[in-house]
Amino acid sequence: MSNPVFLDHIEAHVEDIAEYCKFLVKIFQGGRYKVISDTGVSMFVSNDGINIEVKKKKTSNLPNSAGFCNPCLRMENAKNFIENELGFKIENTINNVEGDCYFFTDHEGIAWHVKDYLVRDKYINW
């Protein structure tokens, strides 16, 4: 390959752009966002350079298991963070060799999962 390819951003289509940007800052424990268009579209940038463009959703359908979905994070004390800091109910727990992985749905109906460990596990580190 002669030209490198880089992921520029992922889009999230939500009901309340401003609230979702605040949620992203909270779940990523930092980052920044700003409005990038006159329609209120905003760009969130995490501390480690993940770009999420947040737009107004156009339908009333909730996200489902089709297309890009189910963002995954890694952190220590994930269970406590999800339940107490974010205030969401854990819907499912999977036990990986390195630790637990917790699934929850946010206030916009988007399903997330968070691995309760920091190591890059066998699923991404090969």
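This is a predicted model, so every value here is computed, not measured.

## Notes on the packing of helix α1 (residues 17-27) against helix α2 (residues 78-86)
Then, number 1: Direction vectors running N to C along α1 and α2 enclose 140°, while the axes themselves pass 11 Å from each other. Viewed along their axes, α1 and α2 adopt a mutual orientation that is oblique. Remark: the crossing between α1 and α2 carries right-handed chirality. Residues Phe23, Lys26 and Ile27 of α1 form the contact with α2, whose own contacting residues are Phe81, Glu85 and Leu86.
Then, number 2: The class makeup of the residues in the contact of α1 with α2 is four nonpolar, no polar and two charged.

## A few points about the confidence of the model for the protein
Then, number 1: Across the protein, the average pLDDT comes to 90, with 93% of residues at 70 or higher.
Then, number 2: Mean pLDDT per element in the protein: strand β1 (residues 10-14) is the minimum at 90, and α1 is the maximum at 97.

## Some words on the pattern of salt bridges
Then, number 1: Under the criterion given, the structure shown has six salt bridges.
Then, number 2: For glutamate 15, the salt bridge identified is with lysine 56, shortest N-O distance 2.9 Å. Taken together, the positions of glutamate 15 in the loop between β1 and α1 and lysine 56 in strand β4 (residues 51-56) put the pair 41 residues apart, joining distant regions of the chain.
Then, number 3: What you see here is one network of salt bridges that share partners, running through Glu11, Glu53 and Lys55.

## A look at unusual backbone geometry
Then, number 1: Located in the positive-phi region is glutamine 29, a residue other than glycine, with phi close to 50°.
Then, number 2: Locating glutamine 29 in the fold gives a position in the loop between α1 and β2 (32-35).
Then, number 3: Even without glycine at this site, asparagine 77 takes up a positive phi of about 60°.
Then, number 4: Position of asparagine 77 among the secondary structure elements: in the loop between β5 (72-74) and α2.

## Some details on the sheet that holds strand β8 (residues 111-115)
Then, number 1: The strand order across the open sheet built from four strands is β5-β8-β7-β6, with neighbouring strands paired in mixed fashion. The two strands at the open ends of the sheet, each matched to only one other strand, are β5 and β6 (92-95). In this sheet, neighbouring strand axes are inclined to one another by 20° on average, regardless of whether the strands run parallel or antiparallel.
Then, number 2: On top of the sheet, α1 reaches β5, β7 (100-105) and β8; it is set at about 15° to β8, its chief contact.
Then, number 3: The strands touched by α2 are β7 and β8; relative to β7, the strand with the most contacts, the crossing angle is about 25°.

## Here's the deal with the pairing of β8
Looking along a regular strand, one sees the side chains alternate between the two faces of the sheet.
Then, number 1: Across the five residues of β8, four count as buried, placing the element largely inside the fold.
Then, number 2: With three bridges joining them, β5 and β8 adopt parallel strand pairing. In the strand pairing of β8, arginine 74 is matched with lysine 115.
Then, number 3: The sheet contact formed by β7 and β8 spans five bridges and is antiparallel. Within β8, the position partnered with threonine 105 by the bridge is alanine 111.
Then, number 4: What sits between β7 and β8 in their antiparallel hairpin is a turn of five residues, with glycine 109 showing a positive phi close to 85°.

Criteria and thresholds
Residues numbered from 1 in each chain as written. Predicted model: local features only at pLDDT ≥ 70, side-chain atom pairs only at ≥ 80, totals over all residues. Heavy atoms only, no water. Axes fitted to C-alpha atoms, helices over the stretch in contact; angles between N-to-C directions. Helix = DSSP H or I, 4+ residues; strand = E, 2+ residues; numbered from the N terminus. Parallel < 35°, antiparallel > 145°, perpendicular 65-115°, else oblique. Left-handed = near helix turned anticlockwise from the far one by under 90°. Contact = heavy atoms within 4.5 Å. Nonpolar A, V, L, I, M, F, W, Y, C, P; charged D, E, K, R; others polar. pLDDT = per-residue confidence, 0-100. Salt bridge = Lys/Arg side-chain N within 4 Å of Asp/Glu carboxyl O. Pairing = 2+ DSSP bridges. Buried < 20%, exposed > 50% of the residue type's maximum accessible area, 1.4 Å probe, protein only.

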